[in-house]
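Okay, here's what each chain looks like letter by letter:
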Amino acid sequence: MNSLARLAAIFAILALCEPARSEGLVVTVAPSQIIVSSNYSGGTVVIFGAVQADKLPSRSYDVAAVVTGPRQTVEARRKARIGGVWINRDSRIFQNVPSFLSLIASRPLNAIASADVLRRQGIGVKNVLVASGVPPDDDDPYLINLINIRLQQGLFSERSSGVTFFSRRVFRAEIPVPDNVPVGDYEIVLKLFANGAVIAETLSSFTVVKVGVEDFVVKAAANYSLIYGLAIMSMALFTGWVASIAFQRD
Amino acid sequence: MSSEDDRWTLLKNACERNYPLQLYLPIADLSVNIFLLLAMGLAVGFVSGMFGVGGGFLMTPFLIFIGISPGVVVASVASHITASSFSGALSYWRRRAVDIQMALILLSGGLLGTLSGVWIFTKLRALGHLDLLIGFSYLIMLTTVGGLMLIESVRAIVRERQQKPNLLRRPGAHTWMHGLPVKMRFKRSTIYVSVIPVWGIGYIIGVVGAVMGIGGGFLLVPMLIYFLRMPTATVIGTAAVLTTATMALATVMHALTNHLVDAVLVLVLMVGGVIGAQFGARSAHKMPAERLRFLLGLLILAVGFRFGYGLISRPANLYSIRALGADI
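This is a predicted model, so every value here is computed, not measured. (Residues numbered from 1 in each chain as written. Chains lettered and ligands numbered in written order. Predicted model: local features only at pLDDT ≥ 70, side-chain atom pairs only at ≥ 80, totals over all residues.)

Undergrad: Break down the sheet that holds strand β4 (residues 62–68) of chain A for me, citing the residues and quoting the values.
TA: Residue and element names in this part refer to chain A. Strand order in this open sheet of six strands is β2-β12-β11-β4-β7-β8, and the pairing throughout is mixed. Looking at which strands have only one partner, the edges of the open sheet turn out to be β2 (33–36) and β8 (156–159). Adjacent strand axes in the sheet meet at a mean angle of 15° when their direction is disregarded. Examined bridge by bridge, strand β7 (residues 101–105) and β8 share four bridges and lie parallel to one another. Residue pairing in the sheet places Leu-103 in a bridge with Glu-158 of β8. (Pairing = 2+ DSSP bridges. Helix = DSSP H or I, 4+ residues; strand = E, 2+ residues; numbered from the N terminus. Axes fitted to C-alpha atoms, helices over the stretch in contact; angles between N-to-C directions.)

Put into structure tokens, the structure is as follows:
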């Protein structure tokens, strides 16, 4: 069998498998790279997307996007009063927690789908954590506070307004990226909803990188720590020397 | 705590609105308003120049308040103090106000102390009780030193009002430390004292400096005056030499062990700090020594009480989180 025939056979099988009413999702992410340089104070990633449908849709679609940053092991600690002072006493370790977690949608989540569907699809700050392996305990104060602190830091966010539809098929989503995010790969899971169910989803990504002086400083501090330390020391001594010369009174 | 947070937020917002120039700190992983940092450097530098101390005991809490993690702060402030104390040391050296013999013996203790201090810092950071240790050391040292200075300077001021001679250093007045063996004559300071307490003081300053992220000048100056009866003329210059050396070593050690020294943060703080220090040193010439010590004592005590309050008052949120490391 030649390759052309094989390809044709695959397409034929695919066509058979595809349901009659099929909808697809195409997206593009810009920029694909967020560059952290000396004047970096946060950025925005914009997603443009279109719903592919055989005919013009009669119903309205909803979109929810989950953006997650590099995973970390996080320790949540609780302070207790011991001998009159407040110190960290008990703690719990959470593994596989996204360092950044942003959830945006075209409408409030509870209007898009039922709580059960959202949980199964891993949509919502808590649902993402549960999908990452965190035990789904509703009353766990460590988990609640972990989420609250991250929300306050701006590293976790949940907005029902981030996705706007231009027409029935075309939408635009905006993800604000704060200045305190770590470098690394960020994953975007975009899900298309209709009538409270997921009908299509895509996976895309962007990266946060340090460049120039920032990249140099981080790499030098990690890989050439002795030279880095000596350089900082020399810089300090030099600054002190310049100041004592510049302000010398004769 | 919350009202203080509000004030900081107001200050931060005012800076960001009027001078919207954010500077990204690559190791601290966040961006800070450059004018806020420069202003802090200037203010702390002014105080350090005025009183002949490194100013780390003010800079460290300032930087922690604006949201930089304590580890990065302690490691970075060490190099900031290196710059400001080296600038001071050079000025005193030109005025022949440095007892180099004394400085070298203090230094031999100080360098060993710094190594122990960085080791303790690394161990405690792993255990997760760094905040507590820093808080406690600040509380104890600041309130003790601040209180003693305040009492001593009030006495001196009262004595001066009563037209009595200043009794701070009487020739021949000895403490028990003067009875120890291995005595040595320090010509520049005109004292004859055992090297054991000198070495010990150097060691303590080294440990304290590395663990708390301070130069220890505010601790060293009174120790040299009250324990060794060193004359005020050579104390500050000698202390500046010791602080320069221990903090220079602390910088390298922190860079080697914790990788937390932020070059960008250091640079901005240094520039503000050395300029502020020169203006501070000039204003200090216009004020009598007792009054300077009184003001410094008051300042130290105030910072100490603030730390004490932070330890005993119920925190706004009992919970805190920290990232232990990246998952692959």
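Past the structure itself, the notes keep going.
Undergrad: Please provide a residue-by-residue account of the sheet that holds strand β9 (residues 163–165) of chain A, values included.
TA: All names here are of chain A. Taken in spatial order, the four strands make up an open sheet running β1-β3-β10-β9, and their pairing is antiparallel. If you trace the sheet from one side to the other, it starts and ends with β1 (23–30) and β9, each paired once. Across the sheet, the mean angle from the axis of one strand to that of its neighbour is 20°, orientation sign disregarded. When β1 meets strand β3 (residues 43–53), the two strands line up antiparallel, connected through eight bridges. When the sheet's bridge partners are listed, Thr-28 is paired in β3 with Phe-48.

Undergrad: Account for the pairing of strand β5 (residues 71–82) of chain A, naming residues and giving values.
TA: All names here are of chain A. Relative to strand β6 (residues 85–98), β5 runs antiparallel, the two being bridged by 11 bridges. Note that in β6 the partner of Ala-80 across the bridge is Ile-87. Taking the residues between adjacent antiparallel strands as the criterion, β5 and β6 are bridged by two residues, where Gly-83 takes a positive phi near 60°.

Undergrad: Go over the interface of chain B and chain A with me, naming the residues and quoting the values.
TA: Taken together, the contact pairs 47 residues of chain B with 51 residues of chain A. Elements that contribute at least two residues to the side of chain B that touches chain A include exactly β1 (22–25), β2 (30–33), α4 (70–94), α9 (232–257), α10 (263–285), α11 (289–312) and β5 (319–326) of chain B. (Contact = placed C-beta atoms within 7 Å.)

Undergrad: Any details on the environment of Leu-237 of chain A? Residues and values, ideally.
TA: Looking at where Leu-237 of chain A falls in the secondary structure, it is placed in helix α7 (residues 225–246). By C-beta crowding, Leu-237 of chain A is classed as partly exposed, having 19 other C-beta atoms within 10 Å. Along the backbone, Leu-237 of chain A and Phe-166 of chain A are 71 residues apart, and their C-alpha atoms lie at a distance of 59 Å. Once residues within four sequence positions are removed from consideration, Leu-237 of chain A is found in contact with Thr-82, Phe-86 and Ala-248 of chain B. (Buried ≥ 20, exposed ≤ 12 C-beta atoms within 10 Å, placed from the backbone.)

Undergrad: Requested: an account of unusual backbone geometry, with residues and values cited.
TA: Residue and element names in this part refer to chain A. The omega torsion across Ala-30 and Pro-31 is -10°, close enough to zero to call that bond cis. Inspection of the secondary structure assignment puts Pro-31 in the loop between β1 and β2. A positive phi is found at Asn-96, a non-glycine position, where the angle reads about 65°. By the element assignment, Asn-96 lies in strand β6.

Undergrad: Account for the packing of helix α8 (residues 217–226) of chain B against α9 of chain B, with residues named and values stated.
TA: All names here are of chain B. Between α8 and α9, the shortest axis-to-axis distance is 10 Å and the interhelical angle comes to 140°. The angle between α8 and α9 places the two elements in the oblique class. For the pair α8 and α9, the sense of crossing is right-handed. Taking contact as the criterion, the partners of Gly-217, Leu-220, Val-221, Leu-224 and Ile-225 in α8 are, on α9, Thr-232, Val-235, Ile-236, Ala-239, Leu-242 and Thr-243. (Parallel < 35°, antiparallel > 145°, perpendicular 65-115°, else oblique. Left-handed = near helix turned anticlockwise from the far one by under 90°.)

Undergrad: How would you sum up α4 of chain B? Please name residues and give values.
TA: Residues and elements named next belong to chain B. With 25 residues, α4 should reach 36 Å at 1.5 Å per residue; the first-to-last C-alpha distance of 36 Å fits that figure. The buried count for α4 comes to 22 of 25 residues, which makes it a mostly enclosed element. Positioned one or two residues after α4, Arg-96 has a phi angle of 55°, which is positive. (Expected span 1.5 Å × (residues − 1).)

Undergrad: So what about the environment of Phe-166 of chain A? Which residues, and what values?
TA: Tracing the sequence through the fold places Phe-166 of chain A in the loop between β9 and β10 (170–177). With 116 residues separating them along the chain, Phe-166 of chain A and Ala-50 of chain A place their C-alpha atoms 9.9 Å apart.

Undergrad: An account of the pairing of β4 of chain A is needed here, citing residue identities and associated values.
TA: All names here are of chain A. Judged by how many residues are buried, β4 sits mostly within the fold: seven of seven residues are covered. Side-chain alternation along β4 places Asp-62, Ala-64, Val-66 and Thr-68 on one buried face and Val-63, Ala-65 and Val-67 on a second face that is also buried. As defined by bridge partners, β4 adjoins strand β11 (residues 184–194) across seven bridges and the pair is classed as antiparallel. Within the sheet, the bridge partner assigned to Ala-65 lies in β11 and is Leu-190. Bridge count for β4 against β7 is five bridges, and the pairing is antiparallel. Paired with Ala-64 across the two strands is Ala-105, which belongs to β7.

Undergrad: I'd like to hear about the packing of α7 of chain A against α10 of chain B, residue by residue, with values.
TA: One way to put it is that α7 of chain A packs onto α10 of chain B with a least axis distance of 10 Å and a crossing angle of 20°. Regarding the angle of α7 of chain A to α10 of chain B, the classification is roughly parallel. Here α7 of chain A and α10 of chain B pass one another in a crossing that is right-handed. Seen from α7 of chain A, the contacting residues are Ile-232, Ala-236, Thr-239, Gly-240 and Ala-243 of chain A; seen from α10 of chain B, they are Ala-263, Val-266, Met-270, Val-271, Val-274, Ile-275 and Gln-278 of chain B. Classifying every residue of the contact of α7 of chain A with α10 of chain B gives nine nonpolar, three polar and no charged. (Nonpolar A, V, L, I, M, F, W, Y, C, P; charged D, E, K, R; others polar.)

Undergrad: I'd like a description of the environment of Tyr-319 of chain B, backed by residues and values.
TA: By secondary structure assignment, the location of Tyr-319 of chain B is in strand β5. The exposure class of Tyr-319 of chain B is partly exposed, given the 19 C-beta atoms found within 10 Å. Discounting chain neighbours no more than four positions away, the residues touching Tyr-319 of chain B are Ala-76, Arg-77, Arg-78, Asn-145 and Ile-149 of chain A.

Undergrad: For the nonpolar core, give the residues involved together with the corresponding values.
TA: Residues Val-63 and Ala-65 of chain A are the most contacted members of the largest nonpolar core, which totals 157 residues. The greatest single-element share of this core, amounting to 14 residues, is contributed by α9 of chain B. Dropping the residues within four chain positions of it, Ala-65 of chain A is found in contact with Ile-47, Ile-104, Val-163, Ala-173, Ile-188, Val-189 and Leu-190 of chain A. (Core = buried A, V, L, I, M, F, W, Y, C linked by C-beta atoms within 7 Å.)

Read these as spatial facts, not as claims about activity.
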